[in-house]
Amino acid sequence: MSRPRADSLDSLGPDDEVVPYSDDETDDELEQDEDEEEVQPTVPAAEPEAGWQVKVNDRDFCKLPEFKKKSFLCFKKSKYSGNAIKTYKYNVLTFLPLNLYEQFKRAANLYFLALLILQIIPQISTLPWYTTLVPLVLVLGITAVKDLIDDLARHRMDKEINNRKCEVLLGGRFQEAKWMDIQVGDVVRLKKNDFIPADILLLSSTEPNSLCYVETEPNNRLDKFTGTMKWRREMYPLDLDNMLLRGCKLRNTEECRGLVIFAGADTKIMRNGGKTRFKRTKIDFLMNYMVYTIFVVLVLVCAGLAIGHSFWYQEIGSLAWYLYDGKSDTASYRGFLSFWGYIIVLNTMVPISLYVSVEVIRLGQSKFINWDLQMYYAEKDTPAKARTTTLNEQLGQIEYIFSDKTGTLTQNIMAFKKCTIGGRTYGKSLSLADFSWNKYADRKFQFYDGHLISCICSKKDAEMMEFFKLLSLCHTVMVEQKDGELVYQAASPDEGALVTAARCFGFVFLSRTQDSITVSEMGTENTYEMLALLDFNSDRKRMSIILRFPDGRIRLYCKGADTVIYQRLNPSSKHKETTQHALDGFANETLRTLCLCYKDISAADYNSWAQKHKEASVAMSNREQALDSVYELIETNLMLIGATAIEDKLQDGVPETIAKLAKADIKIWVLTGDKKETAENIGYSCELLTDDMQIYYGEDVNEKLSGRMMRRRNEPDGGRNKKAKEPFFTGDGKNALIITGGWLNEILCEKKKKRRRLRLRRLGKRPRPTNPQDGQPADDWEKELRQKDFVDMACECSAVICCRVTPKQKANVVSLVKRYKNAVTLSIGDGANDVNMIKTADIGVGISGQEGMQAVMSSDYAFAQFRYLQRLLLVHGRWSYIRMCKFLRFFFYKNFAFTLVHFWYSFFNGYSAQVAYEDWFITLYNVLYSSLPVLLVGLLDQDVNDTLSLRFPKLYLPGQKGALFNYRNFFISLFHGIFTSLIIFFIPYGAFLQTMGQDGEAPSDYQSFAVVTASSLIMIVNLQISLDTSYWTFVNCFAVLGSIAIYFGVMFDIQSAGIHVLFPSAFTFTGVASNSLRQPYLWLTIILTVGISLLPVICIQFLCKTIWPTEGDKVQRHKKKYELEEEVKKKPPAFQRGGRSRRSAYAFSHSRGYADLIASGRSIRQKPRARPELRDSIQDGCAD
């Protein structure tokens, strides 16, 4: 059972059962309200709603001068947008300039453009301009093609939407027009299943009372609209209930007409699209810093060589008559020119093709995720989807997972399992109830207690009849008929399950209008007049309906959480103790509970209350608070009938997935809006919580944090000097935190006040405390320390569950862990209330489930089941991280090995910025000769297969520690490149030095030397990547051998006499390759260079895998053995029935219902005719 809580108003602690503040009120709105109430002049609403005038069927009205706004310089245009939307970035004329502008905003591309300009200056450049132009054009071209493909897709989508057809009133009759041609003030006609083209004011429909039903997804950002309609000199108030928003779909209504209020970019959906934060990986940041480091090293090296050239020219060059070039430049000026010359020569230290190669690898990795059949959910035909191509390797570095509960860990498919009626519990039998007597029973519905059917058919138990009558009447479910079947549309799966249960037990909800509900009660069809519908919200935790019975009686039916229902029961109400005992039993079985009650109301009492309700419902300010207060007046002295118990099953594989991720040292926090007991029960069911854990609740956490704060204050320096952290928990046992949203605000010192509390404080009735409470922060520094202490404490625990938290609080928890732990975080959820959390985390994952697609649309990755998360992280994430790290290490290495040969050569050419290779080799090295093998390693390499990756989660640990790519690895690649460049230069140099003979026949010239060093380099880098490849395929083998073959083929072609004749100035190495490489001595030199370069690497790899093997090396060593073994048997679930009491509550996860739609008349089908066949079938079944 939950511990007693003190009222938060007395600062003794928050109530666990209360949401800290309404989800409908965000932090920003509360702060805005505070500011507005302090400043008397009311701040006008933002455009487009403020000063927005629309005249029906008059397009010229919107073009009047008073409705124009300045667009550019002195040009003006109408402030009313057209209905055409534009999400693309380019057109035919702007693509090239805009795309180039965007690409040159990248520092690397701008750097190489500057190099290209420098190469045009003859005094500086020793390399032809095409050595930089060709790679730069290739990189820009590949990126431009990718951007063009993406933008063409946006063009196609825009064209498809803008060219949709709609009927518009033009010239006195409705004519077909395209969406793009619709304007503000037009009257449009929509038909069933049409998409709504703009934000329109509903004028009429074919349904009774001009009702209309739209299909959409809830979004708290779209719920603000106020307006006034002027009709025949009368003014009528308008609110969101009168609006049909763009993007919704017309349902259950044959035809309706509306007035376009907002079009195109002014519509709610377009204005509230928002900007998604651009996410970047840790490797991205590290890679950028390393490129900056390389640039600094490049500048320092070039400066050193320039100084060397100045000294060399002053001491040697100026004195040698044969080196005189006819110029009288000083040594300093020559050194200055040499600096820029070396910037050009050594520019390949900064890899131009790095970024485009990384994008290609990420694109391929994303495709592998999309194509993974083991993450395909056949039941709903839902494949996994990588919705971004920039975060794949980050999936291999996750340290914290923040998960929603309902619909993410659970199926969010509710089943009516048990109930207690009049003190007696049903649903504990092993016999399956037979519903064949009920023609309209749901065929999938199952209930294990046939005795309940017998009791209902006997019609002797009045409380039982009232129980199911309440379930069939007290709801906001919508109904329609499809192929002769009743189809219910419910605001939540819970409510749908309850109405379906009543239907199966003989109380069939048939139809509703704006002011009536028709049900069949055991074959007898009755219509009840609906007097008032008191809808559910997260503060009330209940809903009620007031009905006038056919015999004239007035009765209130209410259902809600036990914590609020028991407070409102009549003292004479029966079965309170037995029902409470049943509720405790249901909670132990992780069932979601709901109490049902009723109250008879006299006509006089109702009329008095109805007058107050009418006044509150038309209040122009604080309408919701006024209605809540009026609801409280009538929902008193209730008579308890019983309680329901609904099961929300865990998704398949959830406990196994959590166990696997825990072995990978990934910590899982559950952030949910559900009640504490419900969340705790699910924690045990999915094995996030175990019986050997010590659980700490909000008051325990607050006590520990306050104690540490007081001890810190008592220290001489006030605790401001950093020292070793003290653990919050001593001992070897496992710990877990379960904390509610109220306590979370208390602990983090972020308590929010409702508007009424703000008002009271300003009036002096409740002044703000001047001094902090004991253990409470005195300033921002202490507040930050307290938040950090909370994160440290939570991270010491094996499991953390935050319940009764709002979407804003979910995002705040994620932000705290990111800020104070510098950890890589992942959030996973399935509903609109998870969007904030998904966007805040480093990686957001959306579950395509029962709550729409908003979470998926805001996510970076999406799939259908929580269990696929282990494959996403432990297989695709780990592979992507390993591949990217290996690619980057080798990419830097091969560029260092290639470029630093020029550095060694400078010591023998007077630091004159001469190149050691042939010009075309420099141009094609990163494009043709060394790019494909390393690219394939980044796409295909894997140390172990997917089965072993899942079997040994410890293989995931190196990614969390960033062990495979960091500054240490970077400098290893740097020194490895330095070593390789030394070997490549000095071994051929020594060989050529020894072959200088008197006869001049030995190939000891510069051009032959350049061919030998280039050939050695190509063979070394391609064989080096072969040594680093763990997973060989035909493609890898072909790439390595093909790259070497392409090098020799191209070299012989560009050094042939034929091409020299055609382009004598561009191809100057005429016949060098054929003359040099036919001599065995030079081939032996190449082989010696390659061998000496690779032998140390082979020895080091052998010693590391033998003496200091990693976890991956150990698994690889026994890979064959592991592949033959059977999978480890699954452990039985840790949760046992009959444990300590853990209460659950349905009402806390129930979303706001359709009451507003029902009352406004937008959402109801026409009342159907009586159904004699239904009544006869039920009566016949019961008679049998």
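Just so we're clear, the structure is a prediction, and the values are computed from it rather than from any experiment.

(A) A look at the overall build of the protein chain. Within the protein chain, the regular secondary structure consists of 39 helices and 32 strands. Residues counted as buried form 53% of the 1184 residues belonging to the protein chain. For the protein chain, long-range pairs separated by at least 24 residues make up 76% of all intrachain contacts whose partners lie at least 6 apart in sequence.

(B) Up close: helix H3 (residues 107–120). The end-to-end C-alpha distance of H3 is 20 Å, a good match for the 20 Å that 14 residues give at a rise of 1.5 Å each. For H3, the set of buried residues is Ala-108, Asn-109, Tyr-111, Phe-112, Leu-115, Leu-116, Leu-118 and Gln-119. Those residues of H3 that are buried are in contact with helix H2 (95–103), helix H4 (130–162), helix H6 (282–315), helix H7 (331–345) and helix H8 (354–370).

(C) Representation of the side chain of Thr-1029. Looking at the secondary structure, you find Thr-1029 in the loop between helix H31 (1006–1028) and helix H32 (1034–1054). In this structure, Thr-1029 is in contact with Val-937, Asp-941 and Asn-1036, ignoring residues within four places of it in sequence.

(D) Representation of the environment of Gln-1055. With respect to the element layout, Gln-1055 can be found in the loop between H32 and helix H33 (1057–1062). The exposure class of Gln-1055 is buried, given its relative accessible area of 5%. Remark: the alpha-carbon pair of Gln-1055 and Gly-1071, spanning 16 residues in sequence, is separated by 5.4 Å. Those residues in contact with Gln-1055 that sit more than four places away from it in its chain are Val-1011, Phe-1069, Thr-1070, Gly-1071, Val-1072 and Ala-1073.

(E) Up close: unusual backbone geometry. Backbone geometry places Asn-637, a non-glycine residue, at a positive phi of 55°. Residue placement: Asn-637 occurs in the loop between helix H15 (623–634) and strand E25 (639–650). Despite not being glycine, Arg-804 shows a phi value in the positive range, around 55°. Note on placement: Arg-804 falls in the loop between strand E29 (799–803) and helix H22 (807–821).

(F) Representation of the nonpolar core within the structure. Counting 98 residues, the largest nonpolar core has Leu-354, Phe-887, Leu-888, Phe-921 and Leu-1017 as its most contacted members. Residues contacting Phe-921, with those up to four places away along its chain left out, are Phe-898, Tyr-929, Ala-1014, Leu-1017, Ile-1018 and Tyr-1047. In terms of nonpolar packing, the next biggest core, distinct from the first, is built from 54 residues, Phe-467, Cys-504, Phe-549 and Leu-596 among them.

(G) The layout of surface pockets, seen in detail. When its volume is computed, the second largest pocket comes out at roughly 1,500 Å³. Among the secondary structure elements, those contributing two or more residues to the lining of the second largest pocket are helix H25 (868–906), helix H29 (957–961), helix H30 (967–994), H31, helix H35 (1080–1107) and helix H36 (1111–1117). Here the lining of the second largest pocket takes 8 residues from H25, the largest share from any one element. A breakdown of the residues in the lining of the second largest pocket according to their chemical character gives 18 nonpolar, 14 polar and 9 charged.

(H) Fine view of empty space enclosed by the protein. Applying the stated rule across the entire model yields 6 cavities of 30 Å³ or more. Around the largest cavity sit 15 residues that line it, and Thr-131, Pro-135, Asn-347, Thr-348 and Ile-352 are the ones nearest its centre. Only H4 and helix H26 (919–929) provide two or more residues apiece to the lining of the largest cavity. When grouped by side-chain class, the residues that make up the lining of the largest cavity number 8 nonpolar, 7 polar and no charged.

(I) Expanded view of the confidence of the model for the protein chain. This prediction gives the protein chain a mean pLDDT of 80; 82% of its residues lie at or above 70. Counting interchain partners and residues more than four positions distant, the pLDDT-below-50 stretch residues 216–222 has 16 contacts. Considering only residues more than four positions removed or in separate chains, one finds that residues 1135–1149, a stretch of pLDDT under 50, has 69 contacts.

(J) Seen up close, the packing of aromatic side chains. On inspection of all chains with the given rule, the structure shows 64 aromatic pairs. Geometrically, the ring pair formed by Tyr-90 and Phe-95 is edge-to-face, given 5.2 Å between the ring centres and 90° between the ring planes. Judged by its relative accessible area of 2%, Tyr-90 falls in the buried class. For Phe-95, a relative accessible area of 17% translates into the label buried. Here Phe-468 and Phe-507 contribute two aromatic rings whose centre-to-centre distance is 6.2 Å and whose plane-to-plane angle is 20°, an arrangement assigned as stacked. Placement of the pair is Phe-468 in helix H10 (residues 462–473) and Phe-507 in strand E19 (residues 507–512), with a sequence separation of 39 residues. Phe-507 shares its class with Phe-468; the two are buried. The ring of Phe-285 is capped by Arg-280, whose NZ or CZ atom sits 4.9 Å from the centre of that ring. Lying across the ring of Tyr-488, Arg-503 places its NZ or CZ 5.3 Å from the centre.

(K) Looking closely at the state of the cysteines. Tallied over the full model, the rule gives 0 disulfides. Residue Cys-597 stays outside any disulfide, its sulfur separated by 4.3 Å from that of Cys-558, the closest cysteine.

(L) The arrangement of the sheet that holds strand E13 (residues 385–386) in detail. The 9 strands lie next to each other as E13-E32-E31-E30-E14-E26-E29-E28-E27, forming an open sheet whose pairing is mixed. Every other strand in the sheet has two partners, leaving E13 and strand E27 (693–697) as the edge strands with one partner each. When E13 meets strand E32 (residues 861–863), the two strands line up antiparallel, connected through 2 bridges. Opposite Ala-386, over in E32, you have Tyr-861 as the bridge partner.

(M) Spotlight on H25. Over its 39 residues, H25 extends 56 Å from the first C-alpha to the last, a length consistent with the 57 Å expected when each residue adds 1.5 Å. Across the 39 residues that make up H25, a large majority, 38, are buried.

(N) Layout of the pairing of strand E5 (residues 187–191). Looking at chain direction, strand E3 (residues 165–170) and E5 are connected through 2 bridges and run antiparallel. Residue pairing for E5: Glu-167 is matched across the bridge by Arg-189. Summarising the sheet, E5 and strand E12 (residues 255–262) pair through 5 bridges and their orientation is antiparallel. Across the sheet, residue Val-187 finds its bridge partner in E12, namely Leu-259.

(O) Just the packing of H26 against H32, in detail. It is at 11 Å that the axes of H26 and H32 come closest, and there the two elements cross at 155°. Comparing the axis directions of H26 and H32 gives the class roughly antiparallel. Here the hand of the crossing between H26 and H32 comes out right-handed. Packed against H26, whose contacting residues are Trp-920, Phe-921, Leu-924, Leu-928 and Tyr-929, the element H32 presents Ser-1043, Ile-1046, Tyr-1047, Val-1050 and Ile-1054 at the interface. A class-by-class count of the residues in the contact of H26 with H32 yields 9 nonpolar, 1 polar and no charged.

Reading the values: the criteria
- Counting restarts for each chain, with residues numbered from 1 along the sequence as it is written.
- Local features are withheld for residues below a pLDDT of 70 in this predicted model, meaning they are given only at 70 or higher, and side-chain atom pairs are given and counted only at 80 or more; totals for whole chains, interfaces and linings count all residues.
- The side-chain quantities take in all heavy atoms of the structure and omit both hydrogens and water.
- Each helix is a run of DSSP H or I of at least 4 residues and each strand a run of E of at least 2, with the numbering of both proceeding from the N terminus.
- Each residue gets one of three labels from its accessible area relative to the maximum for its type: buried under 20%, exposed over 50%, partly exposed in between, using a 1.4 Å probe on protein chains only.
- Contact criterion: two residues are considered in contact whenever any of their non-hydrogen atoms come within 4.5 Å of each other.
- What a helix should span is 1.5 Å times the count of its residues minus one.
- Among buried residues, those of type Ala, Val, Leu, Ile, Met, Phe, Trp, Tyr and Cys that are joined through side-chain atoms within 4.5 Å constitute a nonpolar core.
- Think of a 1 Å grid over the protein atoms and nothing else: a 1.4 Å probe that fits but is trapped marks a cavity, an open set flanked by protein within 12 Å on at least five of seven lines marks a pocket, and residues with an atom within 4 Å of a point count as lining.
- Grid points are joined across faces, edges and corners, and a volume is the space filled by probe spheres set on the points.
- Residue polarity is assigned by list, with Asp, Glu, Lys and Arg as charged and Ala, Val, Leu, Ile, Met, Phe, Trp, Tyr, Cys and Pro as nonpolar; anything else, Gly included, falls into the polar class.
- The predictor's confidence in any single residue is recorded as pLDDT, a number from 0 to 100.
- To pair, rings of Phe, Tyr and Trp, with the six-membered ring standing in for Trp, must have centres within 6.5 Å; the planes then decide the type, stacked if under 30 degrees apart, edge-to-face if over 60, and tilted in the middle.
- Whether a charge sits over a ring comes down to the Lys NZ or Arg CZ being within 6 Å of the ring centre and within 35 degrees of the ring normal.
- Cysteine sulfur atoms that come within 2.5 Å of each other are treated as a disulfide pair.
- Whether two strands pair depends on DSSP finding at least two bridges between them.
- Note on geometry: axes are C-alpha line fits, over the in-contact stretch for helices, and angles between N-to-C directions span 0 to 180 degrees.
- Our angle categories are set so that under 35 degrees counts as roughly parallel, over 145 as roughly antiparallel, 65 to 115 as roughly perpendicular, and the remainder as oblique.
- By convention the crossing between two helices is left-handed if the near helix lies anticlockwise of the far one by an angle smaller than a right angle, and right-handed if it lies clockwise.

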